[in-house]
Amino acid sequence: MEKVLLLNHENLIKGWGAEGQYWFSTRDYRIIDIVSLVDVDMPENMSESAFMLSIGYIPYFRVNRLELSRSYIEAVGSRKLKAKLADVPDSEYIDTFWKYFDAYKHLSDGYEEFQLNFLIKKAIDWCEDNSINFEVV
């Protein structure tokens, strides 16, 4: 039987995890939180990432909030808003995005759908890049 990663709500939400938080087993298609391995003895001369790779795990996809915000503004923002945000440094972009989001109520129209579609696209791209069989459910 062919293994398939179900891109369901639970698995998609994990894409919002912290850097290095979730790992995917290429052997059994499980997604684990790194915290679940706290009791595993890791060789002292290996980094956490190298260890995880050595036991058959790859980093799970992760959504970059900055990329999401920039993509949303590109998709629905006015030329004037895009111009205002164009020179905002990455370190300030998300806070600035939310200030405009709160100030211009039209930006909230369709945001949740855009966010979900962005999340699904990131998951699909990750699956394809890593030759993971998947199904969006």
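To be clear, the structure that these remarks concern was listed above.
Residues numbered from 1 in each chain as written. Predicted model: local features only at pLDDT ≥ 70, side-chain atom pairs only at ≥ 80, totals over all residues. Heavy atoms only, no water.

Chemist: Give a description of the pairing of strand S2 (residues 22–25) that names residues and reports values.
Modeler: With burial as the criterion, each face of S2 is covered, one bearing Tyr22 and Phe24 and the other bearing Trp23 and Ser25. Summarising the sheet, S2 and strand S3 (residues 31–33) pair through three bridges and their orientation is antiparallel. Looking at S3, one finds that Phe24 is bridged to Ile31. In this structure, S2 lies alongside strand S4 (residues 57–59), joined through three bridges in antiparallel fashion. By the bridge assignment, Ser25 is partnered in S4 with Tyr57. (Buried < 20%, exposed > 50% of the residue type's maximum accessible area, 1.4 Å probe, protein only. Helix = DSSP H or I, 4+ residues; strand = E, 2+ residues; numbered from the N terminus. Pairing = 2+ DSSP bridges.)

Chemist: Provide a residue-level description of the sheet that holds S2, including the pertinent values.
Modeler: Picture the strands of a sheet paired through backbone hydrogen bonds; they go either parallel or antiparallel. Here we have three strands laid out as an open sheet, ordered S3-S2-S4, and antiparallel in their pairing. The open sheet has two edge strands with one neighbour each: S3 and S4. Each adjacent strand pair in this sheet contributes to an overall mean axis angle of 35 degrees, direction not counted. (Axes fitted to C-alpha atoms, helices over the stretch in contact; angles between N-to-C directions.)

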